[in-house]
Amino acid sequence: TEEWQPGRVGDFNTTHPIKDLECLGPETRIRHHPSVHWTVVKERLHKQLARPFEDQWLFQVAIQIQQHEPDTCVLGITCTSAFLLPVTMPKFRNMARMLNTDHNMLVLNVTFYDSLRSGFPVFGVLDSLATPDYRAWFDTEEGLSFFPAMPEAEACG
């Protein structure tokens, strides 16, 4: 039988299997700036969630991470990318496309437990992106053209 590994889904996988989800070891350290550590990035992400302009240090570090870091710290890369979405993808349709592809936790093949254990506020960042305006966009003509309404299950009706 095939052995399950986080980050590996059939032919789709990260460059490196995910072993250090907390990103504390030498293989997952931040390489572009040795004085910056994932633990500090996590702490500041928890405080800011989807407010990238309120912490200029975190904003600049997240940009540098996206530009220079390899994908060895998959949840760190994913979390900082989602954190920057209001800046990099201000149009709701582009944000929705990104959240449906690169930020799709099912494609990353990381369990809920492992995501929580990592310390990265992945779900907090995603929740903070789900503003009332963003959620309402899915019911607009444009939103429905990209994401057709799902049939409502009888049990939910």
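Keep in mind that this is a model prediction, so the values were computed, not measured.

## Comments concerning the confidence of the model for the protein
For step 1, the next point in the chain: Averaged over the protein, the pLDDT score is 83; the fraction of residues at 70 or greater is 83%.
For step 2, the next point in the chain: Confidence drops under pLDDT 50 across residues 12-16; counting only partners more than four residues distant or on other chains, this segment forms 11 contacts.

## Some details on a nonpolar patch on the surface
For step 1, the next point in the chain: A cluster of nonpolar residues, Phe112, Leu116 and Phe123, forms a patch on the protein surface that exposes about 310 Å² of accessible area.
For step 2, the next point in the chain: Tracing the sequence through the fold places Phe123 in helix H7 (residues 122-129).
For step 3, the next point in the chain: A residue is classified by how much of its surface remains accessible, and Phe123, at 34% relative accessible area, is partly exposed.

## Considerations on the state of the cysteines
Simply put, the disulfide is a covalent bond whose two ends are the sulfur atoms of two cysteines.
For step 1, the next point in the chain: Applying the stated criterion across every chain, the model contains one disulfide.
For step 2, the next point in the chain: With its sulfur 1.9 Å from that of its partner, Cys23 forms a disulfide with Cys73. Its S-S torsion of approximately 100° makes the covalent link between Cys23 and Cys73 right-handed. Here the residue Cys23 occupies a position in the loop between strand S2 (12-13) and helix H1 (38-48), and Cys73 occupies one in the loop between helix H2 (56-68) and helix H3 (74-88), the gap between them amounting to 50 residues.
For step 3, the next point in the chain: Cysteine Cys79 is unpaired, with the sulfur of Cys73 as its nearest cysteine sulfur at 9.4 Å.
For step 4, the next point in the chain: The buried category is assigned to Cys79, whose relative accessible area is 1%.

## Quick look at H2
For step 1, the next point in the chain: Here H2 is 13 residues long and its end C-alpha atoms lie 18 Å apart, about the 18 Å a rise of 1.5 Å per residue gives.
For step 2, the next point in the chain: All buried positions along H2 are accounted for by Leu58, Phe59, Val61, Ala62 and Ile65.
For step 3, the next point in the chain: Each element contacted by the buried residues of H2 is listed here: H1 and H3.
For step 4, the next point in the chain: For H2, the capping residue at the N-terminal end is Asp55, with a side-chain oxygen 3.2 Å from the backbone nitrogen of Trp57.

Criteria and cut-off values
- Starting afresh in each chain, residues are numbered from 1 along the sequence in its written order.
- Since the coordinates come from a predicted model, pLDDT governs what is reported: local features require at least 70, and pairs of side-chain atoms require 80 or more to be given and counted, while whole-chain, interface and lining totals use all residues.
- Side-chain calculation: all heavy atoms of the structure are included, whereas hydrogens and water are not.
- Confidence scores here are pLDDT values: one per residue, from the predictor, ranging 0 to 100.
- Whether two residues touch is decided by their heavy atoms; if any such pair falls within 4.5 Å, the residues are in contact.
- To count toward a patch, a residue needs a relative accessible area above 30% and no salt bridge. Like charges then connect within 9 Å, nonpolar side chains (Val, Leu, Ile, Met, Phe, Trp, Tyr) within 5 Å.
- Accessibility throughout is a Shrake-Rupley quantity obtained with a 1.4 Å probe, and a residue counts as covered only by protein chains that appear here.
- The rule for a salt bridge is simple: a side-chain nitrogen of Lys or Arg has to be within 4 Å of a carboxyl oxygen of Asp or Glu.
- Secondary structure is summarised from DSSP: a helix means a run of H or I of at least four residues, a strand means a run of E of at least two, and numbering begins at the N terminus for each.
- When accessible area is computed with a 1.4 Å probe and restricted to protein chains, residues below 20% of their type maximum are described as buried, those above 50% as exposed, and intermediate ones as partly exposed.
- In plain terms, two cysteine sulfur atoms within 2.5 Å form what is called a disulfide here.
- What a helix should span is 1.5 Å times the count of its residues minus one.
- Side-chain atoms alone can form a polar contact between residues adjacent in sequence; in general such a contact is a pair of N or O atoms within 3.5 Å, and within protein one must be able to donate a hydrogen while the other accepts it.

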